[in-house]
Each structure stands twice: as C-alpha cells, then as structure tokens.
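Residue-level structure breakdown
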Amino acid sequence: MMLRHSWPQAMANDETAMALAEIPATPEQTFAALVTDEVECWWGSADTYLTTGWTADLRAGGRWNVLVRTADDRSLPAGGIFLEIEAPRRIVQTRRYDWDHPMLGRHETTVAYLLEPIAGGTRLAICHGGFAGFTGAAPEQANDWARVLGWLQRYFGAGGPVRAQIETSRSWVPPR
C-alpha cells in the first residue's frame, strides 16, 4: 500500500526543529531501528558519516552512546540519556555532542520521537528542542532530520538491495 506522503518534511523556528515522515514499517520495527544497534545499518551514508558503536540502556534514566565517523575520517562521539521510553509509541532522550560542534558546542538538547500506526506503516514525528540562543542551529537540525528520515524510509522501503548497500557502506574506509 502506498503511503500518502512519501517524503520527509521538516521545519524549524529559532528554538525547535520538527520533522515528519511516513515509514513503511510497523511501529515496532521503526522503534527498534531508532533505539537498538540496528541504527548502525541505516543512519548515515558513505558521503556524509557512518554511525558505529551504538550502545543503549533502554529504560528511563538509561544512557545511550554512539560514535559517528565522518567522510573525512574524524570520529565524533555523542550520547545522552533516555528520559522516556514507551515502546513502540514514544521515545524522549537528551542529546549532546562530546566534541565541539560548530553551532552547538557541547550543548545538550532534547529529542522526542512519536510513532503512530497508519495504514502501510508508521507516521514518525520528531521534535528536537533546546536551541534557544544558538542562531541557525534549529534550521540546520531540521534539514539534518529530513535527511535522516529519508535514510530510514529507504532502509525499510527497498528491502534487500538498500540494506545490502548500507551494509557495504558500513565497511567503507575514507581515503587518507
């Protein structure tokens, strides 16, 4: 069955980024893709960055950590704490870069995911807040969320070939 909106949508004001997409997977599958090491299979691309080293303690108060490896071979750690976990409907977590992000430094923000079952899949809404005083950060994050949701749609939408391509890109080593 075709989903009504096949493209991710995103918007922002000065303090908050929001994004929305319809994912061709059940809420349970989508939830797992967001909070388990399955993240490493779809979040990223060889021309931007690859997500590796995902760990998560899936409970309110539990920590999550990830290492992002950029196309120019930098390793950038990030992490946070799960504030709410209501499988498979809602995730709220803090997010902080453990490196000096050009717009945010090491400022902590909050990301809320809301998963709603729809015909043919899941409507995934993301609200990412905490950007007050960081000019331009929320619109930048909105653009990033649109790209991330596109990766998630492709991961579930095309099945085998895209998954194989993502797995191949995970072993990609940038030129030195």
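Okay, so let's go over this structure. Owing to the predicted nature of the structure, the values given are computational and were not obtained by experimental measurement.

A few words on the side chain of E40. Along the polypeptide, E40 turns up in helix α2 (residues 39-42). The class for E40 is buried, based on a relative accessible area of 14%. Looking at E40, its side chain comes within polar contact range of the main-chain nitrogen of G53, at 3.3 Å.

Turning our eyes to something else, we now look at the pairing of strand β6 (residues 75-86). Sheet faces and side chains relate simply in a regular strand, where the side chains alternate between the two faces. Note: strand β5 (residues 63-70) against β6, seven bridges, orientation antiparallel. From the neighbouring strand, W64 faces β6, where its bridge partner is G80. Adjacent in sequence and paired antiparallel, β5 and β6 are bridged by four residues, among which D73 carries a positive phi angle near 70 degrees. Note: β6 against strand β7 (residues 90-97), six bridges, orientation antiparallel. When the sheet's bridge partners are listed, E84 is paired in β7 with V92. In this structure, the hairpin formed by β6 and β7 is closed by a connection of three residues.

Relative to the assigned elements, H128 resides in strand β9 (residues 121-129). A polar side-chain atom of H128 sits 2.7 Å from a polar atom in the side chain of T109. With near-sequence residues (within four places) excluded, H128 lies in contact with E15, T16, A17, R95, T109, T110, V111, Q141 and W145.

As judged from the four bridges shared by strand β1 (residues 9-12) and strand β2 (residues 16-23), these two strands associate in the antiparallel manner. Note that in β2 the partner of Q9 across the bridge is L20. The antiparallel hairpin formed by β1 and β2 contains three residues in its connecting segment.

Attention shifts here to the pattern of salt bridges. In this structure the tally under the stated criterion is 10 salt bridges. Its salt-bridge partner being E84, residue R90 comes within 2.8 Å of it at the nearest N-O pair. Taking the relative accessible area as the measure of exposure, E84 reaches 34% and is therefore partly exposed. Here the residues in one salt-bridge network are E22, E116 and R123, joined through shared partners.

What counts as what
Each chain carries its own residue numbering, running from 1 in the direction its sequence is written. Two thresholds apply to this predicted model, a pLDDT of at least 70 for residue-level local features and 80 or more for giving and counting side-chain atom pairs, whereas whole-chain, interface and lining totals are computed over all residues. Excluding hydrogens and water, the side-chain values take into account all heavy atoms of the structure. Runs of H or I in DSSP of at least four residues are treated as helices and runs of E of at least two as strands, each being numbered from the N terminus. Summary of the burial criterion: residues with accessible area below 20% of their type's maximum are buried, those above 50% are exposed, and those between are partly exposed, where the area comes from a 1.4 Å probe applied to protein chains only. For this analysis, a polar contact is any N or O atom pair within 3.5 Å, provided that within protein one partner can donate a hydrogen and the other can accept it, and provided that sequence-adjacent residues contribute only side-chain to side-chain pairs. Here, a strand pair is defined by DSSP locating no fewer than two bridges between the strands. Any two residues whose heavy atoms approach within 4.5 Å at even a single point are treated as in contact. For this document, the term salt bridge refers to a Lys or Arg side-chain nitrogen within 4 Å of an Asp or Glu carboxyl oxygen.

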